[in-house]
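Chain and residue survey
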Amino acid sequence: MSESCRRDFLSHSGRAACAIAIGGVGVELGRRACAQDAWTIEANRCVNIRLGVTGASNVCESCATSCVLPLSAVRAVNDHSQCGRCCICPAYFDVLSPVGPDGLPTKKLCPRDAITRTAIGEVDPYDPLNNFYEYAIDEEKCNGCGRCVMECKDPAGLGSIRLEVRHDLCLRCNRCTIASNCPEDAYRRVGPEPPPASKLEGAHG
Ligand code: SF4
Ligand code: SF4
Ligand code: SF4
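Every value quoted in this text rests on a predicted model; they were computed, and no experiment measured them.

1. What to know about the overall build of the chain
- The helix and strand inventory of the chain stands at four helices and six strands.
- When its helices and strands are written in sequence order, the chain yields α-β-α-β-β-β-α-β-α-β.
- Expressed as a percentage of the 205 residues in the chain, the buried residues total 34%.
- Summarising the internal contacts of the chain: among those between residues at least 6 apart in sequence, 72% fall at separations of at least 24.
- Surface summary for the chain: the accessible area is close to 11800 Å², and the carbon and sulfur share equals 56%.

2. Digging into the nonpolar core
- By size, the foremost hydrophobic cluster in this structure holds 34 residues, and its most contacted members are Ile41, Val74, Ala76, Ile161, Leu163 and Tyr187.
- Those elements that provide at least two residues to this core are strand 1 (38-41), strand 2 (74-78), strand 4 (132-137), helix 3 (147-151) and strand 5 (161-165).
- Leave out the neighbours within four places in its chain, and Ile41 touches Cys46, Ile49, Cys63, Val74, Leu163, Glu164, Val165, Ala186 and Tyr187.
- Of all hydrophobic cores here, the second largest spans five residues; its members include Val53, Val59, Cys60 and Met150.

3. Concerning the packing of aromatic side chains
- Per the counting criterion, the structure on display carries three aromatic pairs.
- On the basis of an interplanar angle of 90° and a centroid distance of 4.8 Å, the ring pair of Tyr92 and Phe93 is categorised as edge-to-face. Accessibility assignment for this pair places Tyr92 and Phe93 in one class, buried.
- Within the aromatic cluster, the residues linked to one another by ring pairs are Tyr92, Phe93 and Tyr135.
- Directly above the aromatic system of Tyr133 lies the positively charged group of Arg117, at a separation of 3.6 Å from the ring centroid.

4. Overview of the state of the cysteines
- A complete count under the given rule lists zero disulfides for this structure.
- Here Cys83 is not cross-linked by a disulfide; its sulfur's nearest cysteine counterpart is in Cys86, at 6.0 Å.
- Its sulfur unpaired, Cys87 is 8.8 Å from the next cysteine sulfur, which belongs to Cys86.
- Residue classification places Cys87 among the buried positions, given a relative accessible area of 7%.

5. Brief notes about the site of ligand 2
- Around ligand 2, a shell composed of 13 residues is seen, among which Cys67, Cys170, Cys173, Cys176 and Thr177 lie nearest.
- The residue makeup of the shell around ligand 2, split by class, is eleven nonpolar, one polar and one charged.

6. Description of unusual backbone geometry
- Of note, the bond from Asp154 into Pro155 is cis; its omega dihedral lies within 30 degrees of zero at 10°.
- Checked against the element boundaries, Pro155 lands in the loop between helix 3 and strand 5.
- One non-glycine residue, Arg85, lies in positive phi territory at about 55°.
- Assignment of secondary structure puts Arg85 in the loop between strand 2 and strand 3 (115-120).
- Arg85 gets classed as partly exposed once you look at its relative accessible area, which sits at 26%.
- The phi dihedral of Asp185 is positive, around 55°, even though this residue is not glycine.
- Its location among the elements puts Asp185 in the loop between helix 4 (177-181) and strand 6 (187-191).

7. Some details on the pairing of strand 2
- The buried fraction of strand 2 amounts to five of the five residues, a majority that puts the element mostly inside the structure.
- Judged by which residues are buried, strand 2 turns out to be covered on both faces: Val74, Ala76 and Asn78 on one side and Arg75 and Val77 on the other are all buried.
- Sheet topology note: the strand 2/strand 5 ladder contains five bridges and is antiparallel. Considered in strand 5, the bridge of Val77 is made with Arg162.

8. Concerning the pattern of salt bridges
- As enumerated under the stated definition, the model contains ten salt bridges in all.
- When the shortest N-O distance is used, the salt bridge between Lys108 and Asp113 registers 3.1 Å.
- A relative accessible area of 43% means that Lys108 is categorised as partly exposed.
- Among the ionic contacts, a cluster of salt bridges with common partners joins Glu42, Arg45, Asp185 and Arg188.

Calculation notes
- Residues numbered from 1 in each chain as written.
- Chains lettered and ligands numbered in written order.
- Predicted model: local features only at pLDDT ≥ 70, side-chain atom pairs only at ≥ 80, totals over all residues.
- Heavy atoms only, no water.
- Helix = DSSP H or I, 4+ residues; strand = E, 2+ residues; numbered from the N terminus.
- Buried < 20%, exposed > 50% of the residue type's maximum accessible area, 1.4 Å probe, protein only.
- Contact = heavy atoms within 4.5 Å.
- Areas by Shrake-Rupley, 256 points an atom, 1.4 Å probe, with all protein chains shown as cover.
- Core = buried A, V, L, I, M, F, W, Y, C linked by side-chain atoms within 4.5 Å.
- Phe/Tyr/Trp six-rings, centres within 6.5 Å; stacked < 30°, edge-to-face > 60°.
- Lys NZ or Arg CZ within 6 Å of the ring centre and 35° of its normal.
- Disulfide = S-S within 2.5 Å.
- Near = heavy atom within 4 Å.
- Nonpolar A, V, L, I, M, F, W, Y, C, P; charged D, E, K, R; others polar.
- Pairing = 2+ DSSP bridges.
- Salt bridge = Lys/Arg side-chain N within 4 Å of Asp/Glu carboxyl O.

Here you go:
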């Protein structure tokens, strides 16, 4: 290679290397900038949360199955201030399962046994429907499959259980895989500041 060709070659490769390096920095800065954005679920779009859709066959499990984390950053939370503390909670019990001797459905709805049911006050054995219970969701077990959310809304429930992005867990991926797979376009980027979480577990109204 002649000296001038060699200089041209080095000059071009140097520019190319610079361009790649600058591009890389730009991409990295862009990735970081975008990575500051939080994701949230639009309740009136999500099929599991919005009113008018019920039934196990309509449950969307994409929030549980699409996240890059081993256990999704989306979890169910129960807003205790809105919960009816019902004796037969359709989010806790599989209300279509056979009824046991105690008059309650024999199966639970949650496939991960993530919901606990604790009596509030003394239980009156003669008037079960006059007893009230606290339903708590174990976030370490919940994967956001949405079944309980689908059941806890009109006409059977009061809508106190919702799906939420846990911003303390979410990696804020630029290309969120849940957003890419959401069939309802309900998973939205909301900018650097995540919206305040609704009442979380243990927050009694
Ligand atoms: S979202 Fe699914 S895993 Fe989580 S508590 Fe509800 S039914 Fe259980
Ligand atoms: S941004 Fe990443 S970590 Fe967060 S919910 Fe989406 S896929 Fe999961
Ligand atoms: S993927 Fe979309 S529609 Fe499905 S549960 Fe998540 S937010 Fe709701």
